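If you want the building blocks of each chain, they are given just below.
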Amino acid sequence: MEIRYTFHAKIMIKERKIEQAWVEETIKSPNKLEREFGKYYAKKKLNGKSIEVVYMKEKYIKVITAYWM
């Protein structure tokens, strides 16, 4: 499924020094996945840190934001 990024997500990922590959890896193979109010919250441990990616599924995956936990 195609992955697209909102303008907000692009800015936050850059500011938080999160690589796009990490975001996509987290979506494709999360350690934990929760769903609330139509949004998905994918969590994964990467390089000793935890990342969370928030996205929605439409005709494609729309990444809303990503952050370190």
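As the structure is a prediction and not an experimental result, all values here were calculated from the model. (Residues numbered from 1 in each chain as written. Predicted model: local features only at pLDDT ≥ 70, side-chain atom pairs only at ≥ 80, totals over all residues. Heavy atoms only, no water.)

**Student:** Got a sec to walk through the nonpolar core? Specific residues and values, please.
**Tutor:** The biggest cluster of nonpolar side chains holds 17 residues, and the ones touching the most others in it are V23, I27, V53 and V63. Of all the elements in the fold, those that place two or more residues in this core are β1 (3-5), α1 (7-15), α2 (20-28), β3 (39-46), β4 (49-57) and β5 (61-68). Setting aside residues no more than four positions away along its own chain, V63 makes contact with I3, R4, Y5, T6, A9, V23, I27, V53, V54 and Y55. (Core = buried A, V, L, I, M, F, W, Y, C linked by side-chain atoms within 4.5 Å. Buried < 20%, exposed > 50% of the residue type's maximum accessible area, 1.4 Å probe, protein only. Helix = DSSP H or I, 4+ residues; strand = E, 2+ residues; numbered from the N terminus. Contact = heavy atoms within 4.5 Å.)

**Student:** Break down the pattern of salt bridges for me, citing the residues and quoting the values.
**Tutor:** On inspection of all chains with the given rule, the structure shows 5 salt bridges. Notably, a salt bridge pairs E34 with K43, separated by 3.9 Å at the nearest N-O pair. The salt bridge involving K62 is made with E58; its shortest N-O contact spans 3.4 Å. Among the ionic contacts, a cluster of salt bridges with common partners joins K32, E34, K43 and E52. (Salt bridge = Lys/Arg side-chain N within 4 Å of Asp/Glu carboxyl O.)

**Student:** A description of unusual backbone geometry should follow, citing residues and the corresponding values.
**Tutor:** Located in the positive-phi region is K17, a residue other than glycine, with phi close to 55°. Its location among the elements puts K17 in the loop between α1 and α2. One non-glycine residue with positive phi stands out, namely F37, at about 55°. Its location among the elements puts F37 in the loop between β2 (32-36) and β3.

**Student:** Residues and numbers for the packing of aromatic side chains, please.
**Tutor:** Inspection of every chain in the model, using the stated rule, returns 2 aromatic pairs. Centre to centre, the rings of W22 and W68 are 5.7 Å apart; their planes meet at 65°, and the pair counts as edge-to-face. Of this pair, W22 sits in helix α2 while W68 is found in strand β5, placing the two residues 46 residues apart along the sequence. By relative accessible area, W68 is classed as partly exposed at 24%. Aromatic side chains Y40 and Y55 sit 5.2 Å apart centroid to centroid with 10° between the ring planes, which places their arrangement in the stacked category. Of this pair, Y40 sits in strand β3 while Y55 sits in strand β4, placing them 15 residues apart in sequence. (Phe/Tyr/Trp six-rings, centres within 6.5 Å; stacked < 30°, edge-to-face > 60°.)

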